[in-house]
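Chain and residue survey
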Amino acid sequence: MVAISGTSWFTLAATATALFATVTDAHLSMTVSKADDDSYLTTSVRVPHGCQSANGSPTRAITVTLPAGVMRAQFENVAGWNITTESEAVDPPVTMGSSQITSRVKAVRWEGGPLPQGQYKDFGMRIFLPAAKDDSKPELIFFPVLQECETGRDLWNQIPDTEGYNHELQRDAPHIEINTHADDTPWTENRLVKGQTSAAAANVVNSGSVSLLAAAVAAYYLI
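Below: a short report on this structure. It should be emphasised that the depicted structure is a prediction, and the values quoted were computed from it without experimental measurement.

As for the sheet that holds strand β5 (residues 73-75)
Pairing in this open sheet of 4 strands is antiparallel, and the strands run β1-β3-β8-β5 from one edge to the other. Edge positions in the sheet fall to β1 (29-30) and β5, since each has one partner strand and no second. Inspection of the sheet shows β5 paired to strand β8 (residues 121-128) by 3 bridges, in the antiparallel sense. Directly across from Ala73, in β8, lies its bridge partner Ile127.

Overview of the state of the cysteines
One pass over the structure, following the stated rule, counts 1 disulfide. Linked covalently through their sulfurs, Cys51 and Cys149 form a disulfide whose S-S length is 2.1 Å. Between Cys51 and Cys149 the sulfur-sulfur dihedral comes to about 85°; the bridge is accordingly right-handed. Remark: Cys149 occurs in strand β10 (residues 145-149) and Cys51 occurs in the loop between β3 (40-47) and β4 (59-65); sequence separation between them is 98 residues.

Considering the nonpolar core
Val64, Trp110, Met125, Ile127, Phe143 and Ile176 are the most contacted members of the largest nonpolar core, which totals 28 residues. Those elements giving two or more residues to this core turn out to be β3, β4, β7 (99-115), β8 and β12 (175-179). Of all the elements, β7 adds the most residues to this core, at 4 residues. Once residues lying within four places of it in the same chain are set aside, the contact partners of Met125 are Met30, Leu41, Thr42, Thr43, Val45, Val64, Gln74, Phe75, Trp110 and Phe143.

A short note on unusual backbone geometry
Geometrically, the link from Asp91 to Pro92 is a cis peptide bond, its omega value of 5° lying close to zero. With respect to the secondary-structure elements, Pro92 resides in strand β6 (residues 81-96). In the Ramachandran plot, Asp38 falls in the positive-phi region, its phi being about 50° despite a non-glycine side chain. Its place among the elements puts Asp38 in the loop between β2 (34-36) and β3. At Asn55, a position not held by glycine, the phi torsion is positive, near 55°. Along the chain, Asn55 falls in the loop between β3 and β4.

Focus: the packing of aromatic side chains
Evaluated as defined, the whole model comprises 4 aromatic pairs. Arranged with centres 4.8 Å apart and planes meeting at 85°, the rings of Tyr40 and Phe128 form a pair that is edge-to-face. Of this pair, Tyr40 sits in strand β3 while Phe128 sits in strand β8, and the two are 88 residues apart along the sequence. By relative accessible area, which is 26% here, Tyr40 ends up partly exposed. When its relative accessible area of 0% is taken as the criterion, Phe128 is described as buried. Each ring, one from Phe75 and one from Trp110, has its centre 6.1 Å from the other, and the planes form 85°; the classification is edge-to-face. Taken together, the residues Phe75 in strand β5 and Trp110 in strand β7 connect sequence positions 35 residues apart. By the ring-pair criterion, three or more aromatic residues cluster together here, those being Phe75, Trp81, Trp110 and Phe123. Across the ring face of Tyr40, the terminal group of Arg126 is positioned such that the distance to the ring centre comes to 4.1 Å.

Criteria and cut-off values
- Residues numbered from 1 in each chain as written.
- Predicted model: local features only at pLDDT ≥ 70, side-chain atom pairs only at ≥ 80, totals over all residues.
- Heavy atoms only, no water.
- Pairing = 2+ DSSP bridges.
- Helix = DSSP H or I, 4+ residues; strand = E, 2+ residues; numbered from the N terminus.
- Disulfide = S-S within 2.5 Å.
- Core = buried A, V, L, I, M, F, W, Y, C linked by side-chain atoms within 4.5 Å.
- Buried < 20%, exposed > 50% of the residue type's maximum accessible area, 1.4 Å probe, protein only.
- Contact = heavy atoms within 4.5 Å.
- Phe/Tyr/Trp six-rings, centres within 6.5 Å; stacked < 30°, edge-to-face > 60°.
- Lys NZ or Arg CZ within 6 Å of the ring centre and 35° of its normal.

Structure below.
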């Protein structure tokens, strides 16, 4: 048996405390966070802890808002969690292969669990990414999340380097970095014509419709 001195025990305890702090301070994030534009991506929103504002209270639901340019999406059937989605019209419609996209999912909600503090869970999705607005550099698109727990709620919706960003709160929205696809030739079946997603996104942003997240946020501030 190896004896451990008092100093060593102190060092081990300090290391364990630091590791625990790192885990509990981790942000919600996308498990795959880089991809080509105008292409399909399978990724997940990872929830690594309970609500920070409620001392790690277990998670009971998350609501994810999809960026306006995401025209197609499928969501993972997570055991023990119910899925609800909210859609909105795409006007004018967007052509994808031989199909006309006239509506899209703008928000998805998983509710169930609970997911205890100290455990993590991934909530998967397969999405079609929009065209990058600038071919010369990568672009970040954001997926704001409302995390609801047995006690309290945390809103992960901050976008760095924007007006009103709270550096102390540090509840950044999960994001994906999209890069311009090497081949600018439009794909007929699984890729939108370059630029159509951006135009459709502008129309969606200006539609003024209320999402699941907006409704949840309203409840967040009323309670």
